[in-house]
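# Chain and residue survey
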Amino acid sequence: MKALVFAAALGAAALTGVAAQAHAVLRSGNPAPAAVVKTAPKTLRLQFNEAVIPKFTSLTVAGPDGRPLHAGPVSVDRKNKAVVTAPLHGAGAPGVYKVQWTAATGDMHKMSGAYTFTVRP
Ligand SMILES: [Cu+2]
């Protein structure tokens, strides 16, 4: 009985490890999370932990007034499929911008997250 419980625990740990590796995690961005930049970016660049599936990868951006800006379409870098870029239109006003992303890697499991950056001329 003890051995069975131990084996089950091991199995659960192994599964968790695999799942964590397969899911999209944001590694960095440009502008970076929490960055303060002098001018609003015309393009956003997000780097994930592994290649993402373009069809299941998107982002939205809200400006300082909370209204959504026109961001996208998202495209995956040809050389590094963990990197996505998206044109950003209408950013310019000083203040805090919120980026919300959704991305899926090989197992199609959608992950999402959010971060902010600040435009301060
Ligand atoms: Cu998954």
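Now for a description of the structure that goes with this document. (Residues numbered from 1 in each chain as written. Predicted model: local features only at pLDDT ≥ 70, side-chain atom pairs only at ≥ 80, totals over all residues.)

Before going further, it helps to examine the pairing of strand β9 (residues 110-119). Note on strand geometry: in a regular strand, side chains alternate between the two faces of the sheet. Relative to β9, strand β2 (residues 36-37) runs parallel, the two being bridged by two bridges. Paired with Val-36 across the bridge in β9 is Thr-118. Bridge analysis of strand β8 (residues 95-104) against β9 gives ten bridges, and the strand direction is antiparallel. The partner of Gly-95 across the bridge, within β9, is Val-119. The hairpin formed by β8 and β9 contains five residues between the paired strands, and Met-108 there has a positive phi angle of roughly 70 degrees. (Pairing = 2+ DSSP bridges. Helix = DSSP H or I, 4+ residues; strand = E, 2+ residues; numbered from the N terminus.)

Moving on: the nonpolar core. Core analysis: the largest hydrophobic core is formed by 19 residues, its most contacted members being Leu-44, Leu-59 and Ala-86. Secondary structure elements with two or more residues in this core: β3 (43-48), β4 (58-62), β7 (83-89), β8 and β9. With four residues, the top contributor of residues to this core is β8. (Core = buried A, V, L, I, M, F, W, Y, C linked by C-beta atoms within 7 Å. Buried ≥ 20, exposed ≤ 12 C-beta atoms within 10 Å, placed from the backbone.)

As for its position among the elements, Ala-24 is in the loop between α1 (2-22) and β1 (26-30). Residue classification places Ala-24 among the buried residues on the basis of 27 C-beta atoms within 10 Å. On a C-alpha basis, the gap between Ala-24 and Ala-103 in space is 6.1 Å, while along the polypeptide they are 79 residues apart. Residues in contact with Ala-24, not counting those within four places in the same chain, are Phe-48, Asn-49, Val-52, Ala-103, Ala-104, Thr-105 and Met-111. (Contact = placed C-beta atoms within 7 Å.)

Cis rather than trans, the peptide bond between Asn-30 and Pro-31 has omega equal to 0 degrees. Within the secondary structure, Pro-31 sits in the loop between β1 and β2. Each neighbour pair has its own omega, and for Gly-72 with Pro-73 the value is 5 degrees, a cis peptide bond. Turning to its location among the elements, Pro-73 is positioned in the loop between β5 (68-71) and β6 (75-76). At Ala-34, a residue that is not glycine, the phi angle is positive and equals roughly 75 degrees. Note on placement: Ala-34 falls in the loop between β1 and β2. On the basis of neighbour count, Ala-34 is assigned to the exposed category, with 10 C-beta atoms found within 10 Å.

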